[in-house]
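Coordinates in review
Take a look at the letters that make up each chain.
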Protein chains: 2
Amino acid sequence: MTIPEACVSPDPEQACPISPVVDIVFSRWTTPILWALHEFGRQRFVELERRISTITPKVLTQRLRQLERDGLVVRTYHPEVPPRVEYEISELGRTLAPLFATLADWSATHLRSVDQAREAYDAAGRAR
Amino acid sequence: MTIPEACVSPDPEQACPISPVVDIVFSRWTTPILWALHEFGRQRFVELERRISTITPKVLTQRLRQLERDGLVVRTYHPEVPPRVEYEISELGRTLAPLFATLADWSATHLRSVDQAREAYDAAGRAR
DNA sequence: CTGCATCCGTAAAGATACTG
DNA sequence: CAGTATCTTTACGGATGCAG
């Protein structure tokens, strides 16, 4: 595991009170994972792996551990043969829903503008 | 510039409609930069550098370019001696304000829970 | 099945020094 | 002042193999 406290900002909070949250909620792969768990409910490791098709098991494990440690995801181990592990969003994780909704709203409204800005920027760059 | 389309998710959107926005708004250093510009208005490169004290000029340049390309920040170059460059939030960037507010709210309400979850997790880990 | 361990390549971040 | 050039370091992510 290479992420635990490494993702804690050293000082940027000084200039930005929301940096800590960003590190927790928006580090790599966390949104797809949380979204999948939120949309499709409790599910097993392989299901998540299949849903987020480009993630590797190693990284998926890392991120799930991180999310579990942060209390956003609950991991349930069933000592059977073969073993079965299920993941689900925690109560704390569920409190992120309005945040994600706001984000989806902004996306629907303004994402196109970003694309246009990029095109304009790139076009101007080529002209120079 | 080493970031442009490299930060574009290859597929995760498939499993998460908000991934694109996350890549744009919450990549490294972007929130401190946007926050500083939002809080203190238009300012020069050095001012930003001093405010976000741990960022290096190289990375600050990279991120500002990225934000400019995405249309979230406006860069104004004054051809004087010595040169003067000013950065400010764009109109599009300003539309992020409610999003940041929601984030700050969540932080105020739930950040403590995350800390507690971490402590509990680490304590249990040591016990094992 | 679920994961952990390891090695490895790439690429972003960081530190430092230097120009127009 | 506003960056750029260069080098070093670190982390990420892929591939493989193996254990419970």
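Analysis parameters
Residues numbered from 1 in each chain as written. Chains lettered and ligands numbered in written order. Predicted model: local features only at pLDDT ≥ 70, side-chain atom pairs only at ≥ 80, totals over all residues. Heavy atoms only, no water. Salt bridge = Lys/Arg side-chain N within 4 Å of Asp/Glu carboxyl O. Buried < 20%, exposed > 50% of the residue type's maximum accessible area, 1.4 Å probe, protein only. Helix = DSSP H or I, 4+ residues; strand = E, 2+ residues; numbered from the N terminus. Pairing = 2+ DSSP bridges. Axes fitted to C-alpha atoms, helices over the stretch in contact; angles between N-to-C directions. Parallel < 35°, antiparallel > 145°, perpendicular 65-115°, else oblique. Contact = heavy atoms within 4.5 Å. Nonpolar A, V, L, I, M, F, W, Y, C, P; charged D, E, K, R; others polar. Phe/Tyr/Trp six-rings, centres within 6.5 Å; stacked < 30°, edge-to-face > 60°. Near = heavy atom within 4 Å. Polar contact = N/O pair within 3.5 Å; in protein donor to acceptor, adjacent residues only side chain to side chain. Buried area = accessible area lost by both parts, 1.4 Å probe. UniProt positions renumbered as here; feature names shortened; annotations may be inferred.

Looking now at the pattern of salt bridges. The final tally for this structure, using the stated rule, is eleven salt bridges over all chains. Residue Glu80(A) pairs with Arg84(A) through a salt bridge whose shortest N-O separation is 3.0 Å. Of the residues examined, Glu80(A) reaches a relative accessible area of 38% and is grouped as partly exposed. Between Glu88(B) and Arg42(B) there is a salt bridge, and its shortest N-O distance comes to 3.6 Å. Linking Glu88(B) in strand S3 (residues 84-89) with Arg42(B) in the loop between helix H2 (30-40) and strand S1 (43-44), this pair joins segments that are 46 residues apart in sequence. Here the salt bridges do not stand alone but share partners, grouping Arg42(A), Glu80(A), Arg84(A), Glu86(A) and Glu88(A) into one network.

Right, let's get into the pairing of S3(B). Residues in a regular strand project their side chains so that they alternate between the two faces of the sheet. All names here are of chain B. Examined bridge by bridge, S1 and S3 share two bridges and lie antiparallel to one another. If you follow glutamine 43 over to S3, its bridge partner there is tyrosine 87. Relative to S3, strand S2 (residues 73-78) is paired through six bridges, and the arrangement is antiparallel. Bridged to histidine 78 within S3 is arginine 84. Between S2 and S3, which pair antiparallel in sequence order, lie five residues.

All right, on to the packing of helix H2 (residues 30-40) of chain A against helix H4 (residues 57-69) of chain A then. Residues and elements named next belong to chain A. Where H2 meets H4, the closest approach of the two axes is 10 Å, and the angle between their N-to-C directions is 75°. Classified by the angle their axes make, H2 and H4 are roughly perpendicular. For the pair formed by H2 and H4, the contact residues are Thr30, Ile33 and Leu34 on the first element and Leu60, Arg63, Leu64 and Leu67 on the second. Partitioned by chemical class, the residues of the contact of H2 with H4 number five nonpolar, one polar and one charged.

Glancing now at the packing of aromatic side chains. In this structure the tally under the stated criterion is three aromatic pairs over all chains. Between Phe26(A) and Phe26(B), the aromatic rings sit 4.2 Å apart at their centres with planes inclined by 0°, giving stacked as the arrangement. Here Phe26(B) lies in the loop between helix H1 (19-25) and H2 and Phe26(A) lies in the loop between helix H1 (19-25) and H2, a pairing that spans two chains. Each member of the pair, Phe26(A) together with Phe26(B), is buried.

Lining the immediate surroundings of DNA strand C are 20 residues, of which Val46(A), Thr61(A), Arg65(A), Arg75(A) and Lys58(B) lie closest. Across the atoms of DNA strand C situated within 4 Å of the protein, the share located in sugar and phosphate is 78%. Between DNA strand C and Arg65(A) there is a distance of 2.2 Å, counted from a phosphate oxygen to a side-chain nitrogen or oxygen. Lys58(B) places a polar side-chain atom, nitrogen or oxygen, 2.5 Å from a base oxygen of DNA strand C. Secondary structure elements with two or more residues in the surface near DNA strand C: helix H3 (45-51), H4 and strand S3 (84-89) of chain A together with helix H4 (57-69) of chain B.

So, about the sheet that holds strand S1 (residues 43-44) of chain A. Residues and elements named next belong to chain A. Spatially, the three strands line up as an open sheet ordered S1-S3-S2, and their pairing is antiparallel. The open sheet has two free edges, formed respectively by S1 and strand S2 (73-78), since each of these has just one partner strand. Packing of H4 onto the sheet brings it into contact with S2 and S3, and relative to S2 it is tilted by some 110°.

Attention now goes to the interface of chain B and chain A. The partner chain A presents 48 residues to the 47 residues of chain B that form the contact. For the pair chain B and chain A, the summed buried surface comes to about 4500 Å²; carbon and sulfur atoms form 72% of the total. Of all residues in chain B, Arg69(B), Trp106(B) and Arg118(B) bury the most surface against chain A, accounting for 16% of the area lost on that side. Linking chain B with chain A are four salt bridges, by the criterion used here. Inspection of the chain B/chain A interface yields eight residue pairs in polar contact (both at pLDDT 80 or more). Mapped by element, the contributors of at least two residues to the side of chain B that touches chain A are H1, H2, H4 and helix H6 (97-127) of chain B. Among the residues forming the side of chain B that touches chain A, the class breakdown is 28 nonpolar, eleven polar and eight charged.

Here the UniProt-annotated "domain: HTH hxlR-type" (unreviewed entry) positions come out as residues 16-115 of chain A. Spanning residues 16-115 of chain A, this segment combines 61% helix with 14% strand, and its end C-alpha atoms are found 26 Å apart.

Residue and element names in this part refer to chain B. In spatial order, the strands read S1-S3-S2; together these three strands make up an open sheet with antiparallel pairing. Each end of this open sheet is capped by a strand with a single partner; those strands are S1 and S2. Sheet contacts for H2: S1, S2 and S3; angle to S3, the most-contacted strand, approximately 90°.

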